[in-house]
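# Structure at a glance
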Amino acid sequence: MEQHVTPCEDAPPPLMYRVERPVFDEAYLHTQLLHPRERSPKTIRQRLAQAKAIALSFLPILTWLPSYPVKEYLFGDLVSGLSTGVMQLPQGLAYAMLAAVPPVYGLYSSFYPVLLYTFFGTSRHISIGTFAVISLMIGGVVVREAPDSMFTIQALNGTATNTTVFIDTEARDARRVHVAVVLTTLVGVIQLVLGLLRFGFVAIYLTEPLVRGFTTAAAVHVFISQLKYLLGIQTPRFSGPLSALHSVMAVFSDITSTNVTTLIVGGVCMVVLYCVKDLNERFKKKLPVPIPGEIIVVMVSTGISYGLSLSENYQVDVVRTIPSGLLPPAIPDFSLLPNLVTDSIAIAVVGFSMGISLAKIFALKHGYSVDGNQELIALGLCNFVSSFFHTFAITCSMSRSLVQESTGGNTQIAGLLASMVVLLVVVAIGFVFQPLPQTALAAIIMVNLLGMFKQFRDIPALWRTSKIELAIWLVAFVASVLLGLDLGLLVALGFAILSVIYRTQSETCDSASLFQAAECTGIKIFHSNSSIYFANSDLYLNALKEKVISAAVCVSVCGIWKVISAAVCGNGQVAETHTESDSEETRFLEPLCPVHTLILDWTPVNFIDSVGAKAIKLVRDLISTRRALGSVQKCNITEQICLSVMQN
């Protein structure tokens, strides 16, 4: 007797979803969505809004100045501006020595660019102005284009056979200023063009290990260049490959002529500066503002030099002439441009990378964003416009930026006030610093390098985390020390690019990468962690053979890989056609193969070039050939390749 079971009448009906949407074809997507043929004309209000947005992006000061909270921000910006300005004075004078120009041009470079960045920059906390690395790169170019040998003059000493050779320093300095100004103009043009073309992303190619290795090497160059000022000896300034070694050899060869008074003054200044910096670091939470050790050293050493007449009585080199007031604008001598193109590109890129990296750190800390393209435009305008007022190339300074941020700076009003402090000195009291010993400026530079030398601590950290990044750091450091900063940067960039190629070429392939994954009989999933292109296509095929075929103990398919090995050239080029011998056909027909499905997991694959595509096509063609030979019937299996591009 049949029993019919009927569902309960009280059971709820099953849930059902009904989805309706229009069907789009490719033509509709291209014409209506991607490339609409007709666009409604913009209204006047829309055009005004677009013009306002462009103006705000080009002049970021307009976005925050109208709503500037005076009560909350003004006092902090005032204290920060005065503290940064006091610090900017001695650094401007000192870094001009690195740029191989008279010290007053360091003050010019600490005023005009800072003033311009207030209007065009997007960072609220970085301090624009002179920087040791950029100044040293400029100095290398300046000395190369205007060496001392170009300005030697022979003077007679009573008789025709007794002559004295001396250097016309006035003509040399004037020529060096011209070179530095033209170089700065070209740097500004390059940065401005890159910013307008939206090339702000170029900084990503200067990886952090590369930048830190490069700046550490620059610190070595800077330290070596200041030894002669600290010791009070006269040595030529070298540029180009092995310039650091030549400078060290020149210093040690003439070390017996050290001026003891100069060394004592410089040594005392270094000890005082180091102690002040240590106190600032230890008690930074208790001190309302950092102790201005640099300006204290400058004022005290200037007073001692003036009171004891160190220049006349002890032959201590001093700053000497600092003209009062600002120089009128002048057009640079553009006839020097052809020799400076390569150097200007290196300085432009390094200057921008320094600025944007520090700007992003402060922006992340204080919760706002910076625009890399606008930063390029801002730096380009600062360098280009200021070069007509006799400045050399600038970027942000790490030490001054930390002071500007830690003393309560909230906006670039602090930078504007710092530039006013420099302007006051240039216009009114610049002559006060004429007796300033050069060894005191050298001490300021050397002590400020302490932070860069601490980057040597990166080596053990990178050894534990990434050997390739450690190699990039070491190559950048060694190449920049031995070959110079310009060639060293080029070598470091090339090595960094090669490391990327190496890491993509030396891919990691696996056929069972998931933890606790159960393997289905006859199915192999092959996972590769990189793209497939000319440099690694043959490695990809070999890894597929090793991981999948060998693991399956499939002798018959190994015959296919012998054909592939013959068809794939060593340089990654895959032949379009191939032939199979009778012996290979025999191998195809011999044993049974347990693998019937091969899935290529291409989740991490970003691209496949033509060579990689031919390699995959070759696998497919060889399996199709095997089917045509009748091995499918004998082996009683079905081979297929599932190209599974899994997207997250």
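The name given to the protein in an unreviewed UniProt entry is Solute carrier family 26 member 5, with Oncorhynchus mykiss as the source organism. The Subcellular location (unreviewed entry) comment attached to the protein in UniProt states, word for word, "Membrane".

## Looking at the overall build of the protein
Counting secondary structure elements, the protein contains 27 helices and 8 strands. Taking all 648 residues of the protein together, the buried fraction comes to 46%. Counting contacts in the protein only where the partners sit at least 6 residues apart, residues at least 24 apart contribute 81% of the total. Element-wise, carbon and sulfur atoms account for 64% of the exposed surface of the protein, whose accessible area totals about 34,200 Å².

## A look at the environment of Met87
Structurally, Met87 can be placed in helix 4 (residues 70–98). Accessibility expressed as a relative area gives 11% for Met87, which makes it buried. Taking the C-alpha atoms as reference points, Met87 and Ile296, 209 residues apart in sequence, are found 9.9 Å from one another.

## Some words on the packing of aromatic side chains
Taken as a whole, this structure holds 12 aromatic pairs when the rule is applied. Plain terms: the ring middles of Phe58 and Phe120 are 5.5 Å apart, the flat faces sit at 70 degrees to each other, and that makes the pair edge-to-face. With Phe58 in helix 2 (residues 44–58) and Phe120 in helix 6 (residues 112–120), this pair connects stretches of sequence that are 62 residues apart. Ring geometry for Trp473 and Phe477: centres 5.6 Å apart, planes at 25 degrees, overall stacked.

## What to know about the nonpolar core
If you look at the biggest cluster of nonpolar residues, it comprises 104 residues, and the most contacted ones within it are Val133, Met137 and Ile138. When near neighbours in sequence (up to four residues on either side) are disregarded, Ile138 contacts Ala99, Ala180, Leu183, Ile347, Phe392 and Ala393. Judged by nonpolar contacts, the second largest core, of 13 residues, contains Ile532, Leu544, Leu600 and Ile616.

## Things to note about the packing of helix 8 (residues 169–196) against helix 15 (residues 372–387)
Contact pair helix 8 / helix 15: the axes reach a minimum separation of 7 Å and the direction vectors enclose 155 degrees. In terms of orientation, helix 8 lies roughly antiparallel with respect to helix 15. Handedness of the helix 8/helix 15 crossing: left-handed. Residues Val181, Thr184, Thr185, Val187, Gly188, Val189, Gln191, Leu192, Leu194, Gly195 and Leu196 of helix 8 pack against Asn373, Leu376, Ile377, Leu379, Gly380, Leu381, Asn383, Phe384 and Ser387 of helix 15. When grouped by side-chain class, the residues that make up the contact of helix 8 with helix 15 number 11 nonpolar, 9 polar and no charged.

## Some words on a nonpolar patch on the surface
A grouping of Leu242, Leu245, Val478, Leu482, Leu483, Leu487, Leu490 and Val491 is seen on the molecular surface, where their side chains present a nonpolar patch of about 620 Å² in accessible area. Residue assignment for the nonpolar patch shows that the elements contributing at least two residues are helix 21 (467–483) and helix 22 (485–505). As for its placement among the helices and strands, Leu483 is situated in helix 21. A relative accessible area of 31% means that Leu483 is categorised as partly exposed.

## Considerations on the pattern of salt bridges
Close approach of charged atoms allows side chains of opposite charge to pair. Per the counting criterion, the structure on display carries 10 salt bridges. Two residues, Arg172 and Asp173, come together in a salt bridge whose shortest N-O distance is 3.2 Å. The class of Asp173 is partly exposed, set by a relative accessible area of 21%. The closest approach of N and O atoms between Arg212 and Asp458, which form a salt bridge, is 2.5 Å. With Arg212 in helix 9 (residues 208–231) and Asp458 in helix 20 (residues 458–465), this residue pair connects regions lying 246 residues apart in the sequence. Taking relative accessible area as the criterion, Arg212 reaches 27% and is therefore assigned partly exposed.

## Observations concerning the packing of helix 14 (residues 341–366) against helix 15
As a packed pair, helix 14 and helix 15 sit with axes 10 Å apart at the nearest point and diverge in direction by 125 degrees. Here helix 14 is positioned oblique relative to helix 15, judged by the angle of their axes. Considering only the axes of helix 14 and helix 15, their crossing is right-handed. Judged by residue contacts, Gly351, Phe352 and Ile356 of helix 14 engage Gly372, Glu375, Leu376 and Leu379 from helix 15. Looking at the contact of helix 14 with helix 15 residue by residue, the class counts come to 4 nonpolar, 2 polar and 1 charged.

## Regarding the layout of surface pockets
Roughly 980 Å³ of volume is contained in the second largest pocket. Lining the second largest pocket are 32 residues, with Thr169, Arg172, Asp173, Tyr229 and Gln438 sitting closest to its centre. Where the lining of the second largest pocket is concerned, the elements lending two or more residues are helix 5 (104–109), helix 8 and helix 9. Looking at the lining of the second largest pocket element by element, the count peaks at 7 residues for helix 8. A per-class count over the lining of the second largest pocket returns 18 nonpolar, 5 polar and 9 charged.

Cut-offs applied
Residues numbered from 1 in each chain as written. Predicted model: local features only at pLDDT ≥ 70, side-chain atom pairs only at ≥ 80, totals over all residues. Heavy atoms only, no water. UniProt positions renumbered as here; feature names shortened; annotations may be inferred. Helix = DSSP H or I, 4+ residues; strand = E, 2+ residues; numbered from the N terminus. Buried < 20%, exposed > 50% of the residue type's maximum accessible area, 1.4 Å probe, protein only. Contact = heavy atoms within 4.5 Å. Areas by Shrake-Rupley, 256 points an atom, 1.4 Å probe, with all protein chains shown as cover. Phe/Tyr/Trp six-rings, centres within 6.5 Å; stacked < 30°, edge-to-face > 60°. Core = buried A, V, L, I, M, F, W, Y, C linked by side-chain atoms within 4.5 Å. Axes fitted to C-alpha atoms, helices over the stretch in contact; angles between N-to-C directions. Parallel < 35°, antiparallel > 145°, perpendicular 65-115°, else oblique. Left-handed = near helix turned anticlockwise from the far one by under 90°. Nonpolar A, V, L, I, M, F, W, Y, C, P; charged D, E, K, R; others polar. Patch = residues over 30% accessible without salt bridge, like charges linked within 9 Å, V, L, I, M, F, W, Y side chains within 5 Å. Salt bridge = Lys/Arg side-chain N within 4 Å of Asp/Glu carboxyl O. 1 Å grid on protein atoms, 1.4 Å probe; cavity = no way out; pocket = protein on both sides within 12 Å on 5 of 7 lines; lining within 4 Å. Points joined across faces, edges and corners; volume = space filled by probe spheres on them.

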